[in-house]
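Topology and contacts: notes
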Amino acid sequence: MTSKKPATLAVRAGINSDKHHGGVVPAIHLSSTYALKGFNDKRQFDYSRTGNPTRSTFGQAIADLEHGAVGIVTSTGMSAVHLICQLLTTQDTVIIPHDCYGGSYRLFTHLAKRGQFNVIVVDQNDEEALAQALAKKPRLVLVESPSNPLLRLVDIEKVTQASHNVGALVAVDNTFLSPLLQQPLLLGADIVFHSTTKYINGHSDVVGGVLVTKDQELGVELAWWANCIGITGSPFDSYLALRGLKTLPIRMKQHQENANVVAKYLKNHSAINAVYFPGLKDHPGHEIAKRQQKDFGAMMSFEIKGGVEAVKVLFDKLALFTLAQSLGGVESLISHPSTMTHAGMEIEAQIAAGITQSLVRISVGIEDITDIISDLEQALLASQI
Ligand code: PLP
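Not measured: the values here are computed from a predicted model. (Residues numbered from 1 in each chain as written. Predicted model: local features only at pLDDT ≥ 70, side-chain atom pairs only at ≥ 80, totals over all residues. Heavy atoms only, no water.)

**Quick notes on the overall build of the chain**
Within the chain one finds 13 helices and twelve strands. In terms of overall size, the chain behaves like a compact globule, its C-alpha atoms giving a radius of gyration of 21 Å where 385 residues would be expected to give roughly 21 Å. Projecting the C-alpha coordinates of the chain onto the three principal axes gives extents of approximately 75 × 50 × 35 Å. Sorting the 385 residues of the chain into buried and exposed places 56% on the buried side. Taking the intrachain contacts of the chain between residues at least 6 apart in sequence as the baseline, contacts between residues at least 24 apart amount to 71%. Within the structure as shown, the chain displays about 16,500 Å² of accessible surface, and the carbon and sulfur contribution to it stands at 54%. Each charge class in the chain was averaged separately, 33 positive and 36 negative side chains, and the resulting centres sit 5 Å apart. (Helix = DSSP H or I, 4+ residues; strand = E, 2+ residues; numbered from the N terminus. Rg over C-alpha atoms; globule rule 2.2 N^0.38 Å. Buried < 20%, exposed > 50% of the residue type's maximum accessible area, 1.4 Å probe, protein only. Contact = heavy atoms within 4.5 Å. Areas by Shrake-Rupley, 256 points an atom, 1.4 Å probe, with all protein chains shown as cover. Lys, Arg positive; Asp, Glu negative; His and termini not counted. Charge placed at Lys NZ, Arg CZ, Asp CG, Glu CD.)

Okay, structure coming up:
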């Protein structure tokens, strides 16, 4: 645990750790295996699936930022989610949010169908439904706040307390905010995880994940499983993600500055029916966001007038926004959750979560804001003709 400010931790992670050559930036260690000193006399690292210096530096950097005990770097965000599933037995119940990332929803519901555990899908803002689900004494409660793609907020402290009261562990997906804007372990959660593919790496050139535990023992157990099932991240991806991390504080500032302008612009646009962005005062989660987040992030979604036909024209006309899955890179991306990120959810589940055909999600990049707005302006105009 350290008292350094987050921006300092992000920038300084691994700096000056090269005792051999004095390299300022931590080296990348690609060796898959490490020589023993002698019979049954291992060094700190022996085999790269189990442990690797580059991966370990990156994992420690995120653990420090999240104020956790153990950081485990995984090959993807989904493998971080899957790693948590190793804690569950066939007798266990898991509560997942009804509007989480489509891949998480798919993983939990499909493993439950195979009988690996029981799953309860619940709107965690529906107090009665949540209380009923908690009465089943779950082993794990998964939280995603803000949620993908509707940016709904969950009061992490409140849900964590209620979950702990029935003996459940709480794992929070912090992908949309990064550890700079929200630190769920400080709100009581037991596990926090990220798809580092998004803001942490920030350049759309790595697919990776990381998981941090508050507790040392739980971290050791999960690190054991990560090695056992072979889902640890590669040294090269860890190197790139660590490199990306160093500019996270400054990137986040620009992402958010742009996102605030975009949200206000969309809010007042005649082609838009609704904007979902926690930074807007009338967002139902605005007050929770102010309390538990350091800022509002740069993800948002909106409902366009004219349904899916208008969505198609919008995508066709946009020149600067790229129509692509993913988020959190420096470039602005746009997507249609129903057919893209959340296609893994059955249509009924999408409807229950409020994911409509007119819903569009954007990841606001750090391009010049005037270019972002003028691109949206011409494409939104065309979408309404
Ligand atoms: N969690 C959230 C909120 C996501 O948006 C994603 C991917 O889009 C994931 C987890 C899964 O991450 P990955 O694609 O790196 O496996």
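**Some details on the sheet that holds strand β6 (residues 191-195)**
Strand order in the open sheet formed by seven strands is β1-β7-β6-β5-β4-β2-β3, with mixed pairing between adjacent strands. Of all the strands in the sheet, the pair left with one neighbour each is β1 (70-74) and β3 (118-122). When the angles between neighbouring strand axes are averaged without regard to direction, this sheet yields 20 degrees. Of the pairings in the sheet, the one linking strand β2 (residues 93-97) to β3 comprises five bridges and is parallel in character. Each bridged residue has a counterpart across the sheet, and for V94 the counterpart in β3 is V119. (Pairing = 2+ DSSP bridges. Axes fitted to C-alpha atoms, helices over the stretch in contact; angles between N-to-C directions.)

**Description of unusual backbone geometry**
Following S145, the chain continues to P146 via a peptide bond in cis, the omega torsion being 0 degrees. Along the chain, P146 turns up in the loop between β4 (140-144) and α6 (156-165). A cis amide bond, omega 10 degrees, links N148 with the succeeding residue P149. Note that P149 resides in the loop between β4 and α6.

**Some remarks on the environment of N174**
On the secondary structure map, N174 appears in the loop between β5 (169-173) and β6. Each C-alpha atom of the pair N174 and A298 lies 13 Å from the other, and the pair is 124 residues apart in sequence. Apart from residues no more than four positions distant in its own chain, N174 is found in contact with E66, P179, Q182, P184, V192, F193 and H194.

**Thoughts on the sheet that holds strand β9 (residues 299-304)**
Paired through backbone hydrogen bonds, the strands of a sheet run either parallel or antiparallel to each other. Spatial ordering of the open sheet is given by β8-β9-β12-β11-β10, a layout of five strands whose pairing is mixed. The open sheet has two free edges, formed respectively by β8 (272-276) and β10 (322-323), since each of these has just one partner strand. Pairing analysis gives five bridges linking β9 to strand β12 (residues 359-363), with the strands arranged antiparallel. Counterpart to F302 in the pairing with β12 is V360. In the packing of helix α11 (residues 307-317) onto the sheet, contacts are made with β9, β10, β11 (333-335) and β12, and the angle to β9 comes to roughly 125 degrees.

**Remarks on the site of the ligand**
Residues in close proximity to the ligand total 13 residues, the closest being M78, D173, S195, T197 and K198. Backbone polar atom of G77 to an oxygen atom of the ligand: 3.0 Å apart, as the coordinates give it. T197 places a side-chain nitrogen or oxygen 2.6 Å from an oxygen atom of the ligand. Calculation on the ligand without its partners gives an accessible area of 390 Å², and the protein chains cover 92% of this total. Residue classes in the shell around the ligand are distributed as four nonpolar, seven polar and two charged. (Near = heavy atom within 4 Å. Polar contact = N/O pair within 3.5 Å; in protein donor to acceptor, adjacent residues only side chain to side chain. Nonpolar A, V, L, I, M, F, W, Y, C, P; charged D, E, K, R; others polar.)

**Some words on the packing of α11 against helix α13 (residues 369-383)**
Each pair of packed helices can be summarised by the angle the axes make with each other and by the distance between the axes. The contact between α11 and α13 brings their axes to 8 Å, and the two run at 145 degrees. Note on packing geometry: the crossing formed by α11 with α13 is right-handed. For the pair formed by α11 and α13, the contact residues are A310, V313, L314 and K317 on the first element and D375, Q378, A379, L380, A382 and S383 on the second. Looking at side-chain class alone, the contact of α11 with α13 contains six nonpolar, two polar and two charged residues. (Left-handed = near helix turned anticlockwise from the far one by under 90°.)

**Thoughts on the nonpolar core**
Soluble, globular proteins show a tendency: their nonpolar side chains are buried together. L245, L266 and L314 are the most contacted members of the largest nonpolar core, which has 75 residues in total. Ranked by the residues each element gives to this core, the list is headed by helix α9 (residues 248-267), at seven residues. Leaving out residues up to four positions away in the same chain, L245 has contacts with A10, A13, A61, I62, L65, I200 and R251. With 35 residues, the next largest nonpolar core counts F117, I191, M345 and I355 among its residues. (Core = buried A, V, L, I, M, F, W, Y, C linked by side-chain atoms within 4.5 Å.)

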